[in-house]
Amino acid sequence: MTLIEKKLQLWEQQGFITGDQYETILSFEQGEKQNNNWWLYSLLILGSAIIGLGIISLIAANWVQIPDSLKLGADFSLLILLATAIFWYQSHYKKVVADILITAFIILCLASIGLIAQVYHINGRWYHAIMLWSVISLPIVLFARHLMVHFLWVSLFINAAVWSSVDLAGGNLRNAMRELPAVLLLAPLLSASLYLLARRVALLHKTSSSFFFWFQISALIALIAIDIMRSGGETQTFDWHWYLPAWLTAALLIGLIALRRAYKPLNKALLTAAILLLVLYYAPSILFTGQTRYTFSALDAVARASLWSADDIRAPALTILILFLYAIHAGNSGYHRTFNLITFLIGLRFVILYFQAMGGLAATGVGLILSGLMIIGIAWFWYSSRDRFQNWSKELSL
């Protein structure tokens, strides 16, 4: 007997529900259980992907001996076979098998692009190939029901779109590490824009959760990366062409936020402010000079500065401010897990800032005691006040 059956029996015995209600609820829960085997579908899709990679590796082992015409003929024949099988299973409402075949088909499409490039000796960047794959595979991805297929497509598409945009704006990437800050800034802005667009277009609605996931991940990476660069006084090679896609995307994102009816005026103001601060964070020589440090770990070649003018103090302050703005938005919108994560990161950044500013004191016995007490105090304050903070943010309105 399952847990839900035991609970339903107890509720029936206590008179909370009737016998008919017991049967209705049990039937509904059993149906939900059958439709919620996401882990099974994910493993089946993963298994099909591994089988496809195994077939590719076997072919690669004898690649030189296979004629080009045979390679292309076998590749396109397999694509036609998979497309036919997908159509048949879709028409017979066997969605699980169809999703597995769709995964195999889109992976084979990517392999086909590589095959054609190899046969005809076409040179190009990896993100250009994935961008082409994203365009040609999107129509069939939209037929998939399982989110794993959409997540795979969105993950590759975001990477390809970001790198392709910076490459196009910068006139071909010469050194990826120099342009990396522009890539890190563009990734969350583009993911958020595509999330809002997907929410507005019914055909793309299934991809919205994947775009939102990558927005949150890439936004945290972007914020942590620029915090480390600004706090460390790292100089940055800056070419405004690299950042042009990010600036245009930020303007598009602000416009989409302003047009979104589900957001209160307060949420729109909070998100707009966070976006503008993040864009300014990445622009050198506006808020940061890279030449002033306060902490005890400052290099001799870098000028020591006061508490309020030092880059390595202002950087975490700006990070905390951006996190605080988004935490209010999350609490006001009812995103409990996101709110808890952001408030935890705020507390963690306060602890790191303490060790940055008081590194010399923390090396002593008294300093370690004070540091431990501070960590305990922050943890207690975060745990005891997060509910009040979230309730306060929910009550805010404009």
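Residue numbering note: each chain is counted from 1, following its sequence as written. pLDDT decides what is reported in this predicted model: residues at 70 or higher carry local features, side-chain atom pairs at 80 or more are listed and counted, and totals for whole chains, interfaces and linings draw on all residues regardless. In computing side-chain values, all of the structure's heavy atoms are included and hydrogens and water are not.

(A) Focus on the pattern of salt bridges. Any carboxyl oxygen of Asp or Glu within 4 Å of a side-chain nitrogen of Lys or Arg constitutes a salt bridge here. In total, this model carries 1 salt bridge according to the counting rule given. For the salt bridge of R349 with D227, the shortest nitrogen-to-oxygen distance reads 2.8 Å. One end of the pair, R349, is in helix α13 (residues 336-357); the other, D227, is in helix α9 (residues 208-231), with 122 residues separating them in the sequence. Each of the two residues, R349 as well as D227, counts as buried. A helix here means a DSSP run of H or I that spans at least four residues, while a strand means a run of E at least two residues long, and both kinds are numbered starting from the N terminus. Partly exposed describes any residue whose relative accessible area lies between the buried limit of under 20% and the exposed limit of over 50%, with all areas from a 1.4 Å probe on protein chains only and scaled to the type maximum.

(B) Spatial organisation of the environment of E12. Checked against the element boundaries, E12 lands in helix α1 (residues 3-13). Given the relative accessible area of 34%, E12 is considered partly exposed. For the pair formed by E12 and Y22, sequence separation is 10 residues and the distance between their alpha carbons is 7.0 Å. Whether two residues are in contact is decided by their heavy atoms: any pair within 4.5 Å suffices. With near-sequence residues (within four places) excluded, E12 lies in contact with I17, T18, G19 and Y22.

(C) Here's a closer look at helix α4 (residues 68-91). Taking 1.5 Å of rise per residue, the 24 residues of α4 would be expected to cover 34 Å, and the 35 Å separating its terminal C-alpha atoms lies within 8% of that figure. Regarding α4, the residues found buried are K71, L72, D75, L79, L82, I86 and Q90. Given the number of residues in a helix, its expected span is that number minus one, multiplied by 1.5 Å.

(D) Examining the nonpolar core more closely. For our purposes a nonpolar core is just a set of buried Ala, Val, Leu, Ile, Met, Phe, Trp, Tyr and Cys residues, chained together by side-chain atoms within 4.5 Å. F105, I106, L189, F211, Y281, Y282 and I322 are the most contacted members of the largest nonpolar core, which totals 78 residues. Among all residues touching L189, those that are not within four sequence positions of it are A246, T249, A250, L253, I275 and V279.

Limitation: the analysis is restricted to geometry and does not speak to function.
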